[in-house]
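# Observations on chain architecture
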Amino acid sequence: MLFASGLNLIMTDLKKPPIEPAGMLEKAEQEHIEVGRRAETDLTVRDAFRYYRPAVMWSALISIATIMESYDMQIINSFYAFPQFQKKYGVQLEEGGYTITAEWQLALSLVALLGLMTGTFINGSVSERFGARKVIMVSLVALTGFVAITFFAPSIEVLLVGELLWYASLPILSYLDY
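Residues numbered from 1 in each chain as written. Predicted model: local features only at pLDDT ≥ 70, side-chain atom pairs only at ≥ 80, totals over all residues. Heavy atoms only, no water.

## Considerations on the overall build of the chain
Here is the rule: Counting from the N terminus, the helices are DSSP H or I runs at least four residues long and the strands are E runs at least two residues long. Only protein chains enter the accessibility calculation, which uses a 1.4 Å probe; a residue is then buried when its area is under 20% of its type maximum, exposed when over 50%, and partly exposed in between. Residue contacts are counted whenever heavy atoms from the two residues lie within 4.5 Å of one another.
The helix and strand tally for the chain stands at eight helices and two strands. When the helices and strands of the chain are listed from N to C terminus, the series reads α-α-α-α-α-β-β-α-α-α. Within the chain, buried positions represent 21% of all 178 residues. Excluding contacts between residues fewer than 6 apart, the proportion of contacts in the chain whose partners are at least 24 apart in sequence is 65%.

## A short note on the pattern of salt bridges
Let me state the cut-off plainly: A pairing counts as a salt bridge when a side-chain nitrogen of Lys or Arg comes within 4 Å of a carboxyl oxygen of Asp or Glu.
Under the counting rule described, the total for this entry stands at two salt bridges. For the salt bridge of R37 with E34, the shortest nitrogen-to-oxygen distance reads 2.6 Å. Highlighted residues: R37 and E34, both in helix α2 (residues 27-41), separated by three residues, approximately one helical turn. Relative accessible area serves as the criterion here: at 42%, R37 is assigned to the partly exposed category.

## Some points on the packing of helix α6 (residues 102-130) against helix α8 (residues 156-169)
Heads up, the rule is: Lines fitted to C-alpha atoms define the axes here, with helix axes fitted over just the stretch in contact, and angles between the N-to-C directions of these axes take values from 0 to 180 degrees. Relative orientations are named as follows: roughly parallel for angles under 35 degrees, roughly antiparallel for angles over 145 degrees, roughly perpendicular for angles from 65 to 115 degrees, and oblique for any other angle. Crossing handedness: left-handed means the near helix sits turned counterclockwise from the far one by under a right angle, and right-handed means the same turn made clockwise. Only Asp, Glu, Lys and Arg are considered charged, only Ala, Val, Leu, Ile, Met, Phe, Trp, Tyr, Cys and Pro nonpolar, and every remaining residue, Gly among them, polar.
Relative to each other, α6 and α8 sit at 25°, their axes nearing to 7 Å. Taken together, the axes of α6 and α8 lie roughly parallel to each other. Judged by the twist between their axes, the crossing of α6 over α8 is right-handed. Of the residues in α8, those in contact with W104, A107, L108, V111, A112, L114, G115, L116 and G119 of α6 are I156, E157, L159, L160, E163, L164, Y167 and A168. Looking at the contact of α6 with α8 residue by residue, the class counts come to 13 nonpolar, two polar and two charged.

## Quick notes on helix α7 (residues 132-151)
Rules: Each residue after the first adds 1.5 Å to the expected span of a helix. In this context, the arc is that of the directions from the helix axis out to the C-beta atoms.
Under the 1.5 Å per step criterion, the end-to-end length of α7 is 28 Å for 20 residues, consistent within 8% with the ideal 28 Å. All of the buried residues in α7 are V135, I136, S139, L140, L143, F146 and T150. Viewed end-on, α7 has its buried residues packed into an arc of 140°, placing them on one side of the element. Facing away from the buried surface of α7 by more than 90 degrees, the exposed residues are K134, V138, V141 and T144.

## Here we look at the packing of aromatic side chains
In this description, a pair of aromatic rings is defined by centroid distance and the angle of the planes. Selection rule: Whether two aromatic rings pair depends on their centres lying within 6.5 Å, for rings of Phe, Tyr and Trp, where Trp uses its six-membered ring; planes under 30 degrees apart make the pair stacked, over 60 edge-to-face, and the rest tilted.
This model, assessed by the stated rule, comprises seven aromatic pairs. Ring plane angle 45° and centroid distance 5.9 Å describe the contact between F79 and F82, whose orientation is recorded as tilted. F82 sits in the partly exposed class, given a relative accessible area of 40%. Each ring, one from F151 and one from F152, has its centre 4.8 Å from the other, and the planes form 90°; the classification is edge-to-face. Note on accessibility: F151 and F152 belong to one class, exposed. Through successive ring pairs, a cluster of aromatic residues spans F79, Y80, F82, F85 and Y89.

As structure tokens, then:
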């Protein structure tokens, strides 16, 4: 019974004519609105890129950063099988080959989660205090340094620390998704 009365209420609301905001606006305001609408919707792609160049560049930069973030999180575990990675960071086996020990494989895999959790807790308070825009800018600069640490790591210990710092700064970029 309650459902039927609610449904009747909705149906009667649908039958009412919509309120026309155009009747409330003056003709000059309507013309300004129409000119603005045409200016934004009738742009060619070339004109849009030229007019909104900073926004396009910012979007491209952030998109590339997001792609590389996901790429690194997935690819690091596949490095354990590469002979070059094993020789640089592993231990030599009796038969002459190299391997990354299980402890270091586990540590390198779990440091990503530890860094993400740490960065998530830091993200809220730092962003509230300094503002999201400043924090994102500093984070992007820090990410550049942290990627350099992991890229040029001379030992597995330095690689671990670089990965921890890198992953700790990633949650700060979660604002970019909005």
